[in-house]
Amino acid sequence: MMPALAGGKAKGASPLPVEAERQAAFESRIARGEKIEPGDWMPDEYRRQLIRMISQHAHSEIVGMLPEGGWITRAPSLRRKLVLLAKVQDEGGHGQYLYHAAETLGATREEMIEALLSGRAKYSSIFNYPATSWADMGVIGWFVDSAAILNQTMLARSSYGPYARAMIRICAEENFHRKQGMEIIFRLTQGSPAQRAMAQDAVNRWWWPTLMMFGPHDADSPNTPVLVRWGIKTRTNDELRQEFVDQTVPEAQAFGLTLPDPALRFQDGHWRFGPIDWDEFRRVIGGHGPCNQARLGARRRAHEDGAWVRAALDGYARRGAEPPPA
Ligand code: BYC
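Reading guide: rules and limits
Residues numbered from 1 in each chain as written. Predicted model: local features only at pLDDT ≥ 70, side-chain atom pairs only at ≥ 80, totals over all residues. Heavy atoms only, no water. Near = heavy atom within 4 Å. Polar contact = N/O pair within 3.5 Å; in protein donor to acceptor, adjacent residues only side chain to side chain. Areas by Shrake-Rupley, 256 points an atom, 1.4 Å probe, with all protein chains shown as cover. 1 Å grid on protein atoms, 1.4 Å probe; cavity = no way out; pocket = protein on both sides within 12 Å on 5 of 7 lines; lining within 4 Å. Sits in = over half its atoms within 2 Å of the grid points. Helix = DSSP H or I, 4+ residues; strand = E, 2+ residues; numbered from the N terminus. Nonpolar A, V, L, I, M, F, W, Y, C, P; charged D, E, K, R; others polar. Axes fitted to C-alpha atoms, helices over the stretch in contact; angles between N-to-C directions. Parallel < 35°, antiparallel > 145°, perpendicular 65-115°, else oblique. Left-handed = near helix turned anticlockwise from the far one by under 90°. Contact = heavy atoms within 4.5 Å.

Q: Can you explain the site of the ligand? Please cite residues and give values.
A: Near the ligand, the surroundings consist of 37 residues, among which Gln56, Lys122, Ser125, Ser221 and Lys233 are the closest. Between Ser125 and the ligand, the recorded distance is 2.8 Å, taken from a backbone N or O atom to a nitrogen atom. Asn151 is positioned with one of its side-chain polar atoms (N or O) 2.9 Å from an oxygen atom of the ligand. For the ligand, the accessible surface in isolation is 1,000 Å², of which the surrounding protein chains cover 90%. The pocket occupied by the ligand, as judged from atoms lying within 2 Å of grid points, is the largest pocket. Residue assignment for the shell around the ligand shows that the elements contributing at least two residues are helix H2 (44–63), helix H4 (78–103), helix H6 (134–155), helix H7 (161–189), helix H8 (193–213), helix H9 (224–229) and helix H11 (278–288). When grouped by side-chain class, the residues that make up the shell around the ligand number 15 nonpolar, 13 polar and nine charged.

What follows is the structure in structure tokens.
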């Protein structure tokens, strides 16, 4: 049983209950920019928000292997195949770091995987769109990894130590992913008219879904206020989305590609964009995007195919628990 009152109060001052005092100490650590570590006291809501966000992030990395994974056998050269293979393996590694970071908060791997496979857990909307041409490999690296870098550079300053540290390595790898994507697009735009058209078509299909990746507008984002207050997010959905647009418009111009937004215009130092189709976003995160069924189906099959590995690990652990033969 915790003592009801904390020590160190001036005589006569109304003492704070222990929970409130802990909460105040926690808030001041956040205000001082200190990292919160796994064994430290934290409010239940801080823990819940982190498990929600980190597990969704881990699922996004694992499901995010699928659109590009389908192109490994169709890469146009051995060099492209090696690069794509390395990228997809990196995403699997990112998922592993993130599941471990969520485990430090008390979530179990089994619970998280079950939530994904049952369709209860969210993962990034972007991976519910099909990758239909080789140019999509370029645009995923250019748009999706650039968006991820902006978001994850912000998360590298997050108040939760294990999450922030995981982001440092992840961002370094995402930079390689962005560059390989831009190189594919650069080569296609320097190629035949059919190759340039393929790059433009991929840009047309991925632009708006990438803007949706950053989440709803700040005014419609229920989690942002508490996440910003506790330093989990250090920038908002709209701030990051605007930075992505400001960065990407000049890149598209340099490639000679057109972004599919007639409302795009430069005003007050920023590239202003047209309205986002939030109905589409809600359909996709509600499970009704073009590839939701296929993505979850692939993850379920992979889980079933891996049953023998889990059984072997259990058997090995049981054997280790037995006393050695006399
Ligand atoms: N998709 O209050 P909000 C990668 C949900 S993978 C789906 O603004 P929050 C890569 C949101 O979860 C990297 N759901 O939420 C891999 C919430 O629902 P719940 C992916 C979305 O958390 C392979 C509700 O909408 N990056 O780089 O403040 C190949 C209200 O939203 C989405 C991450 O996962 C969405 N796009 O902000 C290539 C980053 N947006 O949970 C590349 C980590 C919103 O309340 N996550 N929702 O039921 C984050 O930074 C934040 O969670 C978000 C959303 C910015 C995504």
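From this point, things continue past the structure.
Q: An account of the packing of H2 against H4 is requested, with residue identities and associated values reported.
A: Close contact between H2 and H4 brings their axes to 8 Å; oriented N to C, the two are set at 160°. Taken together, H2 and H4 sit at an angle that is classed as roughly antiparallel. Read as a crossing pair, H2 and H4 show a hand that is left-handed. Contacts between H2 and H4 involve Ile54, His57, Ala58, His59, Glu61 and Ile62 from the first element and Glu91, Gly92, His94, Gly95, Leu98, Tyr99, Ala101 and Ala102 from the second. Tallied by class, the residues present in the contact of H2 with H4 amount to seven nonpolar, five polar and two charged.

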